[in-house]
Amino acid sequence: MSITILAFAAVSTSYKVSQVRKCESWVFLGGLYTLGALSAGITFASQVHNLHFPVSIWVMGLGSGALGLSSLLCFLRALKMGGSLSLANIIVQMSLCVPIIYAVCFLGEKLTVMRVVGLALFVVFLVLLNEPAKPSKEES
Amino acid sequence: MSRWIGLAFLAMLLNGVVLAIQKCLPAQYTNHFLPLIYVVGGIVSWGAAVALKRPIRLAHFGLGAAAGLVSYVGNYCLIRSLAPPSKASVVFPIVFGTSMLIVALVSVVGFKERLTPRGICAVIVGIASVVILSQS
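The rules behind these values
Residues numbered from 1 in each chain as written. Chains lettered and ligands numbered in written order. Predicted model: local features only at pLDDT ≥ 70, side-chain atom pairs only at ≥ 80, totals over all residues. Heavy atoms only, no water. Helix = DSSP H or I, 4+ residues; strand = E, 2+ residues; numbered from the N terminus. Rg over C-alpha atoms; globule rule 2.2 N^0.38 Å. Buried < 20%, exposed > 50% of the residue type's maximum accessible area, 1.4 Å probe, protein only. Contact = heavy atoms within 4.5 Å. Lys, Arg positive; Asp, Glu negative; His and termini not counted. Charge placed at Lys NZ, Arg CZ, Asp CG, Glu CD. Buried area = accessible area lost by both parts, 1.4 Å probe. Salt bridge = Lys/Arg side-chain N within 4 Å of Asp/Glu carboxyl O. Polar contact = N/O pair within 3.5 Å; in protein donor to acceptor, adjacent residues only side chain to side chain. Axes fitted to C-alpha atoms, helices over the stretch in contact; angles between N-to-C directions. Parallel < 35°, antiparallel > 145°, perpendicular 65-115°, else oblique. Left-handed = near helix turned anticlockwise from the far one by under 90°. Nonpolar A, V, L, I, M, F, W, Y, C, P; charged D, E, K, R; others polar. Core = buried A, V, L, I, M, F, W, Y, C linked by side-chain atoms within 4.5 Å. Phe/Tyr/Trp six-rings, centres within 6.5 Å; stacked < 30°, edge-to-face > 60°.

Trainee: Which residues make up the overall build of chain A, and what values go with them?
Mentor: Scanning chain A from terminus to terminus reveals six helices and zero strands. Counting from the amino terminus, chain A carries its helices and strands in the arrangement α-α-α-α-α-α. For chain A, whose C-alpha radius of gyration is 18 Å, the value lies well above the compact-globule estimate of 14 Å for 140 residues. Along the longest, intermediate and shortest principal axes, the C-alpha atoms of chain A span 55 × 45 × 30 Å. Here chain A holds 140 residues, and the buried ones make up 53% of them. Counting contacts in chain A only where the partners sit at least 6 residues apart, residues at least 24 apart contribute 66% of the total. Taken as two groups, the 9 positive and 5 negative side-chain charges of chain A have centres that lie 4 Å from each other.

Trainee: Break down the interface of chain B and chain A for me, with residues and values.
Mentor: Counting residues at the interface gives 97 residues for chain B and 103 residues for chain A. Counting the surface lost from both chain B and chain A, the interface buries some 9,100 Å², and carbon and sulfur atoms represent 79% of this. By the criterion of area lost to chain A, the three top residues of chain B are B:W4, B:R118 and B:L133, representing 9% of everything that side buries. Joining chain B to chain A, the criterion identifies one salt bridge. B:R54 is the salt-bridge partner of A:E24, the closest N and O atoms lying 3.4 Å from each other. For the pair chain B and chain A, the interface holds nine residue pairs in polar contact (both at pLDDT 80 or more). Counting only elements with at least two residues in the side of chain B that touches chain A, the list comes to α1 (3-24), α2 (30-51), α3 (58-81), α4 (88-109) and α5 (117-135) of chain B.

Trainee: Summarise the packing of helix α3 (residues 55-80) of chain A against α2(B); cite the residues concerned and give the values.
Mentor: Running from amino to carboxyl end, α3(A) crosses α2(B) at an angle of 45°, the nearest separation of the two axes being 8 Å. With respect to each other, α3(A) and α2(B) are oriented oblique. α2(B) is crossed by α3(A), and the crossing has right-handed handedness. Along its contact with α3(A), which presents A:I57, A:W58, A:M60, A:G61, A:L62, A:S64, A:G65, A:A66 and A:L69, the element α2(B) presents B:H32, B:F33, B:L36, B:I37, B:V40, B:G41, B:V44 and B:S45. Its residues assigned to classes, the contact of α3(A) with α2(B) shows 11 nonpolar, six polar and no charged.

Trainee: Outline the nonpolar core, supporting the account with residue identities and numerical values.
Mentor: Residues A:Y15, A:F75, A:I91, A:F125 and B:W4 are the most contacted members of the largest nonpolar core, which totals 55 residues. With eight residues, the top contributor of residues to this core is α1(B). In this structure A:I91 touches A:F125, A:L129, B:W4, B:I5, B:A8, B:F9 and B:M12, once residues within four positions along its chain are discounted. Core analysis: the second largest hydrophobic core is formed by seven residues, A:I57, A:M60, B:L25 and B:Y29 among them.

Trainee: Outline the packing of helix α2 (residues 25-47) of chain A against α3(B), supporting the account with residue identities and numerical values.
Mentor: Packing of α2(A) against α3(B) leaves a shortest axis separation of 6 Å and a crossing angle of 35°. As for how α2(A) packs across α3(B), the hand of that crossing is right-handed. Where α2(A) approaches α3(B), its residues A:V27, A:F28, A:G31, A:L32, A:L35, A:S39, A:A40 and A:T43 are matched on the opposing element by B:H60, B:F61, B:L63, B:G64, B:A65, B:A67, B:G68, B:L69 and B:Y72. Class assignment for the residues of the contact of α2(A) with α3(B) results in 11 nonpolar, six polar and no charged.

Trainee: For the environment of B:A11, give the residues involved together with the corresponding values.
Mentor: With respect to the helices and strands, B:A11 occurs in helix α1. Along the sequence, B:A11 and B:Q28 sit 17 residues apart, while their C-alpha atoms lie 28 Å from each other. Contact partners of B:A11, with chain neighbours within four places excluded, come to A:S71, A:C74, A:F75 and A:V92.

Trainee: So, unusual backbone geometry: which residues are in play, and what are the values?
Mentor: Even without being glycine, A:K22 reaches a positive phi, approximately 55°. Summarising the element assignment, A:K22 is placed in the loop between α1 (2-20) and α2. Phi is positive for B:K53, close to 55°, though the residue is something other than glycine. Counting through the fold element by element, B:K53 comes out in the loop between α2 and α3. In this structure B:K53 comes out as exposed when scored by relative accessible area, which is 75%.

Trainee: A description of the packing of aromatic side chains should follow, citing residues and the corresponding values.
Mentor: Residue and element names in this part refer to chain A. A full pass over the atoms with the stated rule returns five aromatic pairs over all chains. Each ring, one from Y15 and one from F28, has its centre 6.1 Å from the other, and the planes form 80°; the classification is edge-to-face. Placement of Y15 in helix α1 and of F28 in helix α2 is noted, with a sequence separation of 13 residues between them. With a relative accessible area of 11%, Y15 lands in the buried category. We classify F28 as buried; its relative accessible area is 0%.

Trainee: Tell me about the environment of A:G63, and name the residues and values.
Mentor: Within the element layout of this structure, A:G63 appears in helix α3. The spatial distance from the C-alpha of A:G63 to the C-alpha of A:F75 is 18 Å, given a sequence separation of 12 residues.

Nothing here speaks to function; it is geometry throughout.
Below, the structure written as structure tokens:
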């Protein structure tokens, strides 16, 4: 688990490093997705025996790819504009709220006490963000 | 509200929709789904880099490739750490919470980001919120 923690922290930090070093976002993302595709391709080739791709999987995969790339571009742009890595990273991790809200609204899942507390803290976080932290040197 | 916060929230919403789509994904197609995501991202990224005539520097590609490799290793180890007898409700909060804490520390120490007391409260409340949501 410690490797996972360090890896996730390193990936988030690499986004900020790419913006501080003024990397071309498209080239940086190209490198990221190329290695991701190679790794996922190797896993696919070694573990999957059913090569049938239903249309729904194509649609979901292609749509998710486009949405995920757009999300990363927005995140990189936010960091490029001088956004705080600590806060921007937390905001993006808050994306956990979306499938929870979707599941409660459309899949009929129950809103547990933990979820209510988590969402309430999210609202508090939004209120605290409304008067954002002191701008960093890059922003000023 | 700063413009970068708006963009970060847009990133959150877009990423959230991807997570919602994954929630609807039949389990037997997980390994079909991931390569498609990466291939689409790769094609669009390289297509845009070429179409917009961006200079392709090895250092920029290398940093992205390293991030991609580390991301894969992280996800692979996450899947292994979720194997029984571990529980997702324990693993996810620890992984999300600790990695965000490390990123916050790196931001302050490494990138010299200055946070007001209100900003520090936002970091603490935000991490707590993600930890609780990932547990549920």
